[in-house]
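So the chains spell out like this:
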Amino acid sequence: MTPKLTSRHLPPRRLLAVAAAFALFGGPVEAQSAPQTSGPTITARAAAGCPLGAFHCAPRPVSFAMCRPNAMLDFYDPLLSKDSSVRATSNTYVYAERVDSSNQSIYHLEGRVKMERADQRVQADVADYNQDTSDYDARGNVRYQEVGQLMSSDHMRGNQDASTGIADNVTYQMLTSRGHGVAEQGQMLDDQRTRYFQATYSTCDVGSHVWELRAKDIRMDKETGEGIARSATMYVGNVPIFYMPYFSFPINDERKTGFLDPTIGNSSRSGLMISAPYYLNLAPNYDATLDPRIYTDRGVLLGGEFRYYVPGSTGQMNIEFLPNDRGTTDPDSVINTENTNRYLFKLNDYTHLFGPWAFTTSINRASDRNYLRDFGNDLFTASIGTLTSSAYVVGSGTWGGGSLWAAWIGADDYQNIDPSLPDSSVQYKRWPRAVFNVDVPIERWLEFGANTEAVAFRKDESVEGNRLDLYPYLAADFRGASWFVRPKVAYRYTAYDLIGNYNAFGYVGPLTPGIATPFTQTSPSRSLPIVSLDSGLIFDRSTSLFGTSYTQTLEPRIYYLYVPYRDQDNLPLFDTNLMSFDTWQLFTPNQFSGADRQMNANNLTGAITSRLLDENGVERLSASFGQIRYFTEQRVQLPYGNSVPPPTNWSGSDYVAELDTQLDDQWRVTSSYQWNPNTRLTDLGAIGVQRRLLTDGIINFSYRYRRTPGSVQPLLEQYDASIVYPVSDRWRLLGHWTYSVLDKATVEALAGVEYDSCCVALRLIARHYVNSYNYLTPAAGASTNTSIMFEVEFKGMGSSMGKSENLLRSGILGYQ
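Residues numbered from 1 in each chain as written. Predicted model: local features only at pLDDT ≥ 70, side-chain atom pairs only at ≥ 80, totals over all residues. Heavy atoms only, no water.

## What to know about the overall build of the protein chain
To keep things clear, this is the line we draw: A helix here means a DSSP run of H or I that spans at least four residues, while a strand means a run of E at least two residues long, and both kinds are numbered starting from the N terminus. Partly exposed describes any residue whose relative accessible area lies between the buried limit of under 20% and the exposed limit of over 50%, with all areas from a 1.4 Å probe on protein chains only and scaled to the type maximum. Pairs of residues are marked as contacts when any of their non-hydrogen atoms sit within 4.5 Å. Values of accessible area rely on a 1.4 Å probe in the Shrake-Rupley scheme; residue burial ignores everything except the protein chains shown.
Summing up its helical and strand segments, the protein chain has three helices and 46 strands in all. Here the protein chain, with 816 residues, has 46% of them falling under the buried criterion. Within the protein chain, counting contacts between residues at least 6 apart in sequence, those at least 24 apart form 54% of the total. Only carbon and sulfur atoms are counted for the fraction: they give 57% of the accessible area of the protein chain, which is about 38,100 Å².

Printed below as a string of C-alpha cells:
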C-alpha cells in the first residue's frame, strides 16, 4: 500500500501468511467487525466516488460482498454486549427448561440451556454449572459467543471466571475478520487467546473453500491481532500448494512482522523475476522491509526499505543492490553494465529544526544510466531521464499586520540516467541556491512583495557562474461583486558573475550574423520595469438546458502588459526555457521559465469565458477563448545552436480555445485548440472523452497533436485509449493503447483481466512498451520491453498494494 505517516505510528503493512514462489500480490485488506451478509451484486462494490477526470483514484477496498451469508452464524446475536472488560463484575444469568439443584453448588440444566455473562453466552442441550467455582460442562449442540469469536462444538467445558475452556469437534468464526474453520479441539486460553488443534482456516464461504490452511496448531491472539499457524499447508481446492513450518497472518488491520505478497514476473530485459518481501514491524514509529529478488538473466538483487517517524523527523530510505550483473548491456547504451555492481539509493527526510525552520532532504542515485530501464517495473519509472537530489533548510511564517514570508537555502544535483543522452544534456547543478519571498499588505487593497533568488550554477564543460534575481512589486486589487481591476508594477534586476568557461560559449547576436561571439563580460546584468493591468467583468443569468436549470456566467477579461526591450544575448542560459503556450500564458508576464530571459512586451490580451453552474454550484461546462495582440515585435528569443533567431513580426499570438463539459456524472469531455494566424496552421489540438461504465468501469479516449515551434512539421501526434470493462460482478477486462502517428508505432499496449470473488482476487496483465529512445541515433529506433504480470490475493490473509496497481492507475485515467 502507499505509505502514509500519521501521528507517531507508521501505517499498517498487512501481511500475507504464505511465502511461496508464486505470483501473489493484491490490494489492501479491510478488517471486518462482523461478517458481511449481503449477496453478490455488482452494485455492492461500486466505485468509491472517484470523480470523472481525476488523475488519482483510491484503491478499491477489499470487498466480501460477494460472499454468501455464513451458515454457522444462525445463532449469532448482534445485540449481545461487546464489552469484555466488565466480565469480572457482571452477574451470570442461567436459563433452562428443567433445572436440578439437589446439589446446592452444582446445577444440572436441560433443554435449551443458556448461560450469559457480559459479552459471553453459552447455549447447549445439557449443561452442568458450579456456582462456587464457575466451572461449566456443556454437551450437545454447544454454541458459544463472545466479542471476538463464535464457536460451536459437541462438548465444551471450562471456567467462566477465568475465560478458559476446552471444546471438541469445533467449528469457529472470528468476528474481527472473516476467518473461520474447523478443528478437532479448541482451547480458550484466556479472554484474548484461543488455540485450535488439527485445524483449518479460510475466509471463503463455509462449504465452498477456494483456499484454506490446514495446520497442526493455530493460535489466535485478539490483543495483537495476529494468528500463528504451525506445521501448515496451503490448499487451493484440494490441491496442496506449499508447506510452511511456521508463519503468522492478520486477524485485524494492524501491522505485524511476516511475509508480504511474493511476486513473479517476466521482462525481456531481465528475465524471470521472483520476489518474497519480508516485513519487520520494529516499533510503532519505525519499520523495515527486506525485498530479495531473483532475476534469471542478471542475478540476485537485495532491496530494502526503512521508514521512521521519530520526534521532529519523518522519512524513508530505500536501497537496491545487485552484485556482479550477469545480464547483457543494452546495445544502444554507452555504459557497459556487464559484471558490474549495480544499485539504487533513495532517501527522503523531513526534520524540524526550530521555530519555523526545517531541513528537507531528497537523495536519489543510481549506479548507471541503464538501471531504471533494466529494473523499473512501470512505464513511468522506465521513462525517467534524470534523478534529482536536493537538500534544503526551509522556513515560512507571518509577522504583524498579516505579512507573509518564505525562505529556503540548499542545493540541487542531477544525475543523467538516460542511456541515449550525453551528460551535457543534464541541467545545471544549483550549488547552492537561496530564495526569499515576502508579501506585505499595506492597505486592504494594496500590497508590497518581493521574490528574490541567488543561485550558483555548476556544470562540467559549460559556462558556469552565479546569478542574483530581484523581483520587487507593488500590486493593488480593486473589486466588486461583478468586476475586478488589478494593476501591478514590478521591477526586475538580474546580475551574473561568470566564473568558468565563459570564453568558450556565446550566441550570435543580431549585429554579428553567422559569428558566434563568446561572452565578453564576466558580470553582465539586466534591469527593467514590468507593468500590468488585469481587469474583468462577471455577468450571470438563469437558464435551462435539456430541462435542467443552470446559472450561466459570461466573463470578459482584458490584460495589458508592458515590458521594455533589453538585449539579453550576452546572458547565459542556466535554467531557462520557452514555456508551452496555453491559456495560462495569456495572462503571464513572461513566456520563459527561469530568470535568464525576460520577454519584452507591449501586449493586450482579450479573453472571454462562459460557465454553466448547476443548482449545487458544480461547474458543468466551461468554455474559454482568447488571444494576445502584440503592438511591438517579440525581440527576446532563445538561441538555437549558436545563433539567435530574429525578432518575430507577429501581430498576434495563437487563438486559444478550451471547452470542458460534464453535463452528468457519466460523461466528461475536455478539449483545447490553438490556431496560429501568422502561419495559418494548427499549433495544438487535444480532445479527451471519458465515460463511466456501470458502477466501476470506465472508458477513455484522447487525441493529442502539437506542432514543432517555428516549423510546419508536427512534434507529437498520438492516440490514446483505455478501458476498464466490468463483464460481471466478478470479471473486469483491462486495456490501454497508445499509438504514435509520427513513428507509426505503438508506444504502449496493455491487456489484462481481473477476477474478484468472495475470498480470492486475480489479475493477469501483459504489456509491450517503449522504455527508451536513442536521441543520438534516431535511425536506431526505440528500445522496447515486453512483460507479463500475474497477481493473486487471498482475501483476509493480508497484503500490500500489488505492483501493477500504480501502472494501471497511471495508465488508465479513473482506474480504481
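Now that the structure has been shown, the text picks up again.
## Remarks on the state of the cysteines
When the sulfur atoms of two cysteines share a covalent bond, that bond is a disulfide. Our working definition: Note on terminology: disulfide denotes any pair of cysteine sulfur atoms within 2.5 Å.
On inspection of all chains with the given rule, the structure shows two disulfides. Each disulfide pairs two cysteine sulfurs, and for Cys 67 the partner residue is Cys 758, the sulfurs being separated by 1.8 Å. Between Cys 67 and Cys 758 the disulfide shows an S-S torsion of about 95°. By sign, it is right-handed. Within this pair, whereas Cys 67 is found in the segment before strand S1 (93–95), its partner Cys 758 is found in the loop between strand S44 (745–756) and strand S45 (760–773), the two being separated by 691 residues in sequence. The class of Cys 67 is buried, set by a relative accessible area of 0%.

## A word on the pattern of salt bridges
Opposite charge on two side chains makes pairing possible when the charged atoms of those side chains draw close. In plain terms, the rule: We count a salt bridge whenever a side-chain nitrogen from Lys or Arg sits within 4 Å of a carboxyl oxygen from Asp or Glu.
For the structure on display, the rule yields 50 salt bridges. A salt bridge links Arg 178 to Asp 205; the shortest N-O distance between them is 3.6 Å. With Arg 178 in the loop between strand S7 (164–174) and strand S8 (180–188) and Asp 205 in the loop between strand S9 (193–201) and strand S10 (211–221), this pair connects stretches of sequence that are 27 residues apart. Summarising the burial analysis for this pair, Arg 178 and Asp 205 share the class buried. Across the salt bridge formed by Arg 763 and Glu 754, the nearest N and O atoms sit 2.9 Å from each other. When salt bridges with common partners are traced through the structure, they connect Arg 298, Asp 325, Arg 342, Asp 368 and Asp 374 into a single cluster.

## A look at the environment of Tyr 673
Note the cut-off: The definition of a polar contact used here is a pair of N or O atoms within 3.5 Å, where within protein one atom must be able to donate a hydrogen and the other to accept one, and adjacent residues in sequence count solely through side-chain atom pairs.
You can see Tyr 673 is positioned in strand S39 (residues 667–676). Under the relative-accessibility criterion, Tyr 673 is labelled partly exposed at 38%. Separated by 48 residues in sequence, Tyr 673 and Phe 625 place their C-alpha atoms 9.6 Å apart. A distance of 2.7 Å separates a polar atom in the side chain of Tyr 673 from a polar atom in the side chain of Thr 682.

## Overview of the nonpolar core
Note the threshold: Only buried Ala, Val, Leu, Ile, Met, Phe, Trp, Tyr and Cys residues count toward a nonpolar core, and they belong to the same one when joined by side-chain atoms within 4.5 Å.
Within the largest apolar cluster, 45 residues are counted, with the highest numbers of intra-cluster contacts made by Tyr 201, Trp 211, Ile 218, Met 220 and Phe 249. Ranked by the residues each element gives to this core, the list is headed by S10, at five residues. Residues Leu 561, Leu 586, Phe 592 and Tyr 630 belong to the second largest nonpolar core, which totals 21 residues.

## Quick look at the side chain of Arg 620
Looking at the element boundaries, Arg 620 is found in strand S37 (residues 619–630). Of the residues examined, Arg 620 reaches a relative accessible area of 13% and is grouped as buried. Side chain to side chain, Arg 620 and Asp 614 meet in a polar contact 3.3 Å long. Of the polar contacts made by the side chain of Arg 620, one reaches the side chain of Asp 665; its length is 3.4 Å. Among residues more than four places away in sequence, those in contact with Arg 620 are Tyr 550, Leu 612, Asp 614, Asp 660, Thr 661, Gln 662, Leu 663, Asp 664 and Asp 665.

## Some details on the confidence of the model for the protein chain
One rule of thumb: low pLDDT means the predicted coordinates there are not for detailed reading. Inclusion rule: Across the chain, each position has a pLDDT score giving the predictor's confidence in that residue, from 0 to 100.
On average, residues of the protein chain score 84 in pLDDT, and 87% of them are at 70 or above. Segment residues 1–48 is flagged for pLDDT under 50; beyond a separation of four residues in sequence, or across chains, it makes 186 contacts in the model. Here residues 775–780 scores under 50 on pLDDT; set against residues more than four positions off or in separate chains, the count is eight contacts.

## Quick look at the environment of Met 156
Mapped onto the elements of the fold, Met 156 is located in strand S6 (residues 149–159). Distance from Met 156 to Gly 140, taken between C-alpha atoms, is 8.9 Å for residues 16 residues apart in sequence. Every residue in contact with Met 156, bar those within four places of it in the chain, is listed here: Tyr 136, Asp 137, Ala 138, Val 142, Tyr 144, Ile 166, Ala 167 and Met 188.

## Side note on a nonpolar patch on the surface
Condition: Residues forming no salt bridge and having over 30% relative accessible area are the ones grouped into patches, like charges within 9 Å of each other and nonpolar side chains (Val, Leu, Ile, Met, Phe, Trp, Tyr) within 5 Å.
Taken together, Trp 445, Phe 478, Trp 483, Leu 537, Phe 539, Leu 554, Ile 608 and Phe 625 make up a surface patch of nonpolar side chains, about 720 Å² in accessible area. By the secondary structure assignment, Trp 445 is in the loop between strand S24 (429–443) and strand S25 (446–458).

## Looking at the pairing of strand S5 (residues 135–145)
Selection rule: Any two strands are treated as partners once DSSP identifies two or more bridges connecting them.
Across seven bridges, strand S4 (residues 120–130) lies against S5 in antiparallel orientation. Across the sheet, the residue bridging to Gln 123 is Arg 143, located in S5. The hairpin turn running from S4 into S5, its antiparallel successor, is four residues long, and Ser 134 in that turn takes a positive phi close to 65°. Where S5 lies against S6, nine bridges are found, and the strand directions are antiparallel. In the strand pairing of S6, Asp 137 is matched with Arg 157. Counting the residues that bridge the hairpin from S5 to S6 gives three residues.

## Things to note about the packing of aromatic side chains
The line we're drawing: By convention, a stacked pair of Phe, Tyr or Trp rings (six-membered ring in the case of Trp) has centres within 6.5 Å and planes under 30 degrees apart, an edge-to-face pair has planes over 60 apart, and any other such pair is tilted. Charge over a ring is defined by NZ of Lys or CZ of Arg lying within 6 Å of the ring centre and within 35 degrees of the ring normal.
What the rule picks out here adds up to 19 aromatic pairs. Note on Trp 445 and Phe 478: the rings are 5.1 Å apart at their centroids and 25° apart in plane angle, and the pair reads as stacked. A residue pair is termed long-range when its members are at least 10 positions apart, and Trp 445 in the loop between S24 and S25 and Phe 478 in strand S27 (residues 478–479) qualify at 33 residues. Residue Trp 445 is classed as partly exposed on the basis of its relative accessible area, which comes to 35%. By relative accessible area, Phe 478 is classed as partly exposed at 34%. Among the aromatic residues, those joined into a cluster by ring pairs are Tyr 428, Phe 457, Tyr 496 and Phe 574. Just above the ring of Tyr 473 sits the side chain of Lys 488; from NZ or CZ to the centre is 4.5 Å.

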